[in-house]
Amino acid sequence: QFLQTLIHLLKGNIGTGLLGLPLAVRNAGLVLGPLSLFAMGIIAVHCMNLLVICSHHLSVKLNKPFLDYGDAVQYGMENVSWLRRHSIWGRRIVNVFLIITQLGFCCVYFVFLSDNIKQVVEASNGTTMNCHNNQTAVTVPSFDSRLYMLCFLPAVIILVFTRNLKYLAPLSLVANLAMCTSLVLIYFFCFTNIPNRISLPKVGHAKDYPLFFGTAIFAFEGIGVVLPLENKMQKPQSFNMVLYLGMGIVTFLYISLGTIGYITFGEAIGGSITLNLPNCWMYQIVKLLYCFGIYITFALQFYVPAEILIPPVVSRVSERWTLPVDLLIRAVLVIFTCVLAILIPQLDLVISLVGSISSSFLALIFPPLLQILTYHNEGLSPWVIVKNTLISVIGFIGFITGTYISITEIIKRNGRHDNLDPCFVFLTCSIVH
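Everything numeric here is computed off the predicted structure, so don't read it as measured data.

J.: Give a detailed account of the overall build of the chain, specifying residues and quantitative values.
T.: The helix and strand tally for the chain stands at 16 helices and 0 strands. For 433 residues, the compact-globule estimate of 2.2 N^0.38 gives 22 Å, and the C-alpha radius of gyration of the chain, at 22 Å, lies within 12% of that figure. Overall, the chain is about 65 × 55 × 45 Å in size when its C-alpha atoms are taken along their principal axes. A buried classification covers 55% of the 433 residues belonging to the chain. About 19900 Å² of surface is accessible on the chain, with carbon and sulfur atoms providing 69% of the total. On the chain, the mean spot of the 25 positive side-chain charges and the mean spot of the 18 negative ones are 4 Å from each other.

Here it is, written out as structure tokens:
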């Protein structure tokens, strides 16, 4: 049970965000980047712990067996007299950010799949058995990456039509093994190709730091799975050990891969470190293995918004239309994420934007505020209030600056290539407002 929960916690935090951290370290600097990741890891784990503590306290107080994230915020708001009438909005706001986060992950997956498969296809004619050269060979241009996204669309829709996740369990196990194998080989390549001279900036440009923040907080993506995992444990009192051990491993992986990846590839590092791997069969297979893992993980990430959005709609139709409506909503949501990915096909900026907008609230802003609400009338010390307020303010500043810089960079890059879609302008303006 302990080991199973630990594996699920690791799986919930290790995805495409990990592969984007070398670029994040480049944006922050070789020294400031790892130090910031360490600090962010401590704060993220602290916020996860706060969420568990508040959920326990409220469930005992209300005599309920289990509270999810939305329940905890709703009942926490009921503790404050002037918020009580609006407490239902606590649950709704959390659900909105969970939907944004999970669908944002799905957008990132479309971009990740298209970029990596495109690179494998374009380099297929020049792929060799020699893996000692860390420069990818000259590629043969193929289709635009957005066309690859459209090619993946039918396969992804078929995948999410699997409404019961237990049928995906065997594939999920294979996907986990594939991603683990890929990570081991990525580490192996980086450690065996460290340059003799390292002359990288120790501190990056201030204007790039918000991009670091967005990518880093995106990587700490597992706060949504904390309460469900804790609830499923036979001995929930041992969950703290799982949390600290699991997130300790996660933080170590983030700092080590982010640092060693940046040292290995320097300023040429891509939005995903897989895009920098050499053009030999072993590392092309690494990309394909990770792509398979991400493809299967799409269904797991999609499950959360589907469970929030579909039941209220399905309950309003007759029984004969239940299945068609369910499948239609799933297809529409997948098409929606694909369209967003097509509008913003830059992997690094999509990761930073999703992290800045939604992960900031779920991982940094809500948990400290929830503790203040939960223990509102129970003698919370002024130091705790100051500390929690500071964490939430840091999260909010990261949200504002990260979102602004990400959108600015997206508009700049699309404008530079003269392919800025009017729909995209409308979308980004809507996000800002």
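J.: Could you give me a rundown of a nonpolar patch on the surface, with the residues and numbers involved?
T.: Where nonpolar side chains cluster on the molecular surface, the patch consists of Phe 2, Met 241, Leu 245 and Ile 249 and spans about 350 Å² of accessible area. The dominant element in the nonpolar patch, judged by the number of residues it contributes, is helix α11 (residues 239-265), at 3 residues.

J.: Explain helix α14 (residues 347-374) to me, and be specific about the residues and the numbers.
T.: Taking 1.5 Å per residue as the helical rise, α14 with its 28 residues ought to reach 40 Å, and the 38 Å between its terminal C-alpha atoms agrees with that figure. Of all the bends in α14, the greatest, near 55°, is centred on Ser 359. Counting buried residues in α14 gives 26 out of 28 residues, a clear majority hidden from the surface.

J.: Account for the pattern of salt bridges, with residues named and values stated.
T.: Evaluated as defined, the whole model comprises 8 salt bridges. Lys 207 is the partner of Asp 208 in a salt bridge, and the nearest nitrogen-oxygen pair spans 3.5 Å. Under the relative-accessibility criterion, Lys 207 is labelled exposed at 55%. The salt bridge partner of Asp 348 is Arg 413, with a shortest N-O separation of 2.7 Å. Taken together, the residues span a long stretch of sequence, with Asp 348 in helix α14 and Arg 413 in helix α15 (residues 382-416) at a distance of 65 residues. Among the charged side chains, a salt-bridge network with shared partners connects Arg 163, Asp 326 and Arg 330.

J.: Before we move on, could you go through the packing of helix α6 (residues 88-123) against helix α7 (residues 145-160) and cite the residues and values that matter?
T.: Orientation of α6 relative to α7, taken along the N-to-C sense of each, is 115°, at an axis distance of 9 Å. In the crossing of α6 with α7, the sense of the turn from one axis to the other is right-handed. Side by side, α6 and α7 meet where Phe 110, Val 111, Leu 113, Ser 114, Asp 115, Ile 117, Lys 118 and Val 121 of the first sit next to Ser 145, Tyr 148, Met 149, Phe 152, Leu 153 and Val 156 of the second. Class assignment of the residues belonging to the contact of α6 with α7 gives a composition of 10 nonpolar, 2 polar and 2 charged.

J.: If you had to explain the packing of aromatic side chains to someone new, which residues and values would you point to?
T.: Enumeration according to the criterion identifies 15 aromatic pairs in this entry. Between Phe 110 and Phe 298, the ring centres sit 5.5 Å apart and the planes meet at 80°, which makes this aromatic pair edge-to-face. Of this pair, Phe 110 sits in helix α6 while Phe 298 sits in helix α12 (residues 281-314), and the two are 188 residues apart along the sequence. Ring centres of Phe 396 and Phe 399 lie 5.7 Å apart, and the angle between their planes is 45°; on these two criteria the pair is classed as tilted. With Phe 396 and Phe 399 both in helix α15, this residue pair falls 3 residues apart, about one helical turn. Given the relative accessible area of 18%, Phe 399 is considered buried. In textbook terms, an aromatic cluster arises when at least three aromatic residues are bridged by ring pairs, as seen for Phe 97, Phe 361, Phe 366, Phe 396 and Phe 399.

J.: Go over the state of the cysteines with me, naming the residues and quoting the values.
T.: Taken as a whole and assessed by the stated rule, the structure comprises 0 disulfides. Counting only cysteine sulfurs, Cys 54 is the nearest neighbor of Cys 47, a cysteine outside any disulfide, at a range of 10 Å.

J.: Hey, could you go over the nonpolar core for me, with residue numbers and the actual values?
T.: By size, the foremost hydrophobic cluster in this structure holds 135 residues, and its most contacted members are Phe 110, Leu 257, Phe 298, Phe 302 and Val 334. In this structure, Val 334 is in contact with Phe 110, Leu 153, Val 156, Ile 157, Val 160, Phe 298 and Phe 302, ignoring residues within four places of it in sequence.

J.: Can you explain the side chain of Thr 337? Please cite residues and give values.
T.: As for its position among the elements, Thr 337 is in helix α13 (residues 322-343). Classification of Thr 337 by relative accessible area gives buried; the value is 0%. In this view, Thr 337 contacts Leu 103, Cys 106, Cys 107, Phe 110 and Phe 298; residues no more than four positions away in its chain are not counted.

J.: Provide a residue-level description of the environment of Lys 232, including the pertinent values.
T.: If you trace the backbone, Lys 232 turns up in helix α10 (residues 223-232). A C-alpha to C-alpha distance of 8.5 Å links Lys 232 and Thr 5, two positions 227 residues apart in sequence.

Calculation criteria
Residues numbered from 1 in each chain as written. Predicted model: local features only at pLDDT ≥ 70, side-chain atom pairs only at ≥ 80, totals over all residues. Heavy atoms only, no water. Helix = DSSP H or I, 4+ residues; strand = E, 2+ residues; numbered from the N terminus. Rg over C-alpha atoms; globule rule 2.2 N^0.38 Å. Buried < 20%, exposed > 50% of the residue type's maximum accessible area, 1.4 Å probe, protein only. Areas by Shrake-Rupley, 256 points an atom, 1.4 Å probe, with all protein chains shown as cover. Lys, Arg positive; Asp, Glu negative; His and termini not counted. Charge placed at Lys NZ, Arg CZ, Asp CG, Glu CD. Patch = residues over 30% accessible without salt bridge, like charges linked within 9 Å, V, L, I, M, F, W, Y side chains within 5 Å. Salt bridge = Lys/Arg side-chain N within 4 Å of Asp/Glu carboxyl O. Expected span 1.5 Å × (residues − 1). Bend = angle between axes of the 7 residues up to and from the residue. Axes fitted to C-alpha atoms, helices over the stretch in contact; angles between N-to-C directions. Left-handed = near helix turned anticlockwise from the far one by under 90°. Contact = heavy atoms within 4.5 Å. Nonpolar A, V, L, I, M, F, W, Y, C, P; charged D, E, K, R; others polar. Phe/Tyr/Trp six-rings, centres within 6.5 Å; stacked < 30°, edge-to-face > 60°. Disulfide = S-S within 2.5 Å. Core = buried A, V, L, I, M, F, W, Y, C linked by side-chain atoms within 4.5 Å.

Purely geometric numbers; function is a separate question.
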